[in-house]
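Chain residues, written in single-letter form:
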Amino acid sequence: FTFIGPKSLWISDDVRQTLEKRGVPFEETEDLTKGTDADLLYMNRLQEERFEDHKEFEKHRKDAVLTAGMLKGKEVLVMDPLPRIDEIEEEVDGLPNALYFRQAKNGVPVRMALLAMLLGKA
């Protein structure tokens, strides 16, 4: 795993210790391009509510924006829980790497099935 984001949002000590204890290889970086060589890049918006200081959020807001140029010649698949705010440029949408709209579409029947199971209808 490669966790990408500002240092202030890196994984907590308990998560780090659990990964290390289980022998899970991981790294943390602020460099989004490290994720473009992976099999799967799971994007998410930078969440303002996780910052104590709005200025700190604004400082990092545009640090990790995925562009079509970053994906040129890459086979990495890109997912995102949506809605997209500004973490992925719209030019990425038409690339074969972009799976996030299919991801959202597939989420509907999965949620329907889960609700049916919870309600005893499945």
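Residues numbered from 1 in each chain as written. Predicted model: local features only at pLDDT ≥ 70, side-chain atom pairs only at ≥ 80, totals over all residues. Heavy atoms only, no water.

Enquirer: Explain a nonpolar patch on the surface here, please?
Expert: There is a patch of nonpolar side chains on the surface, built from Val110, Leu114 and Met117 and spanning about 300 Å² of accessible area. Relative to the helices and strands, Val110 resides in helix H4 (residues 100-118). (Patch = residues over 30% accessible without salt bridge, like charges linked within 9 Å, V, L, I, M, F, W, Y side chains within 5 Å. Areas by Shrake-Rupley, 256 points an atom, 1.4 Å probe, with all protein chains shown as cover. Salt bridge = Lys/Arg side-chain N within 4 Å of Asp/Glu carboxyl O. Helix = DSSP H or I, 4+ residues; strand = E, 2+ residues; numbered from the N terminus.)

Enquirer: Can you walk me through the layout of surface pockets in this structure?
Expert: Taken as a whole, the largest pocket holds about 900 Å³ of empty space. Sorting the residues of the lining of the largest pocket by element identifies strand E1 (2-4) and strand E3 (40-42) as the ones contributing at least two each. Here the residues of the lining of the largest pocket are counted per class, giving 15 nonpolar, six polar and nine charged. (1 Å grid on protein atoms, 1.4 Å probe; cavity = no way out; pocket = protein on both sides within 12 Å on 5 of 7 lines; lining within 4 Å. Points joined across faces, edges and corners; volume = space filled by probe spheres on them. Nonpolar A, V, L, I, M, F, W, Y, C, P; charged D, E, K, R; others polar.)

Enquirer: Looking at this structure, I do not really get the nonpolar core. What am I missing?
Expert: Grouped burial of nonpolar side chains is what soluble globular proteins tend to show. Counting eleven residues, the largest nonpolar core is built from Leu32, Leu41, Met43, Leu66, Leu71, Val76, Val78, Ile88, Val92, Ala98 and Tyr100. Every residue in contact with Val76, bar those within four places of it in the chain, is listed here: Gly35, Thr36, Ala38, Asp39, Leu40, Leu41, Leu71 and Asn97. (Core = buried A, V, L, I, M, F, W, Y, C linked by side-chain atoms within 4.5 Å. Buried < 20%, exposed > 50% of the residue type's maximum accessible area, 1.4 Å probe, protein only. Contact = heavy atoms within 4.5 Å.)

Enquirer: I would appreciate a short explanation of unusual backbone geometry in the present structure.
Expert: Excluding glycine, most residues fall at negative phi; most peptide bonds, likewise, are trans. Along the chain, Leu82 connects to Pro83 via a cis peptide bond; the corresponding omega equals 0°. Among the structural elements, Pro83 can be located in the loop between strand E4 (77-79) and H4. One non-glycine residue, Leu82, adopts positive backbone phi at about 60°. Take Leu82: it is sitting in the loop between E4 and H4. Residue Leu82 is classed as partly exposed on the basis of its relative accessible area of 24%.

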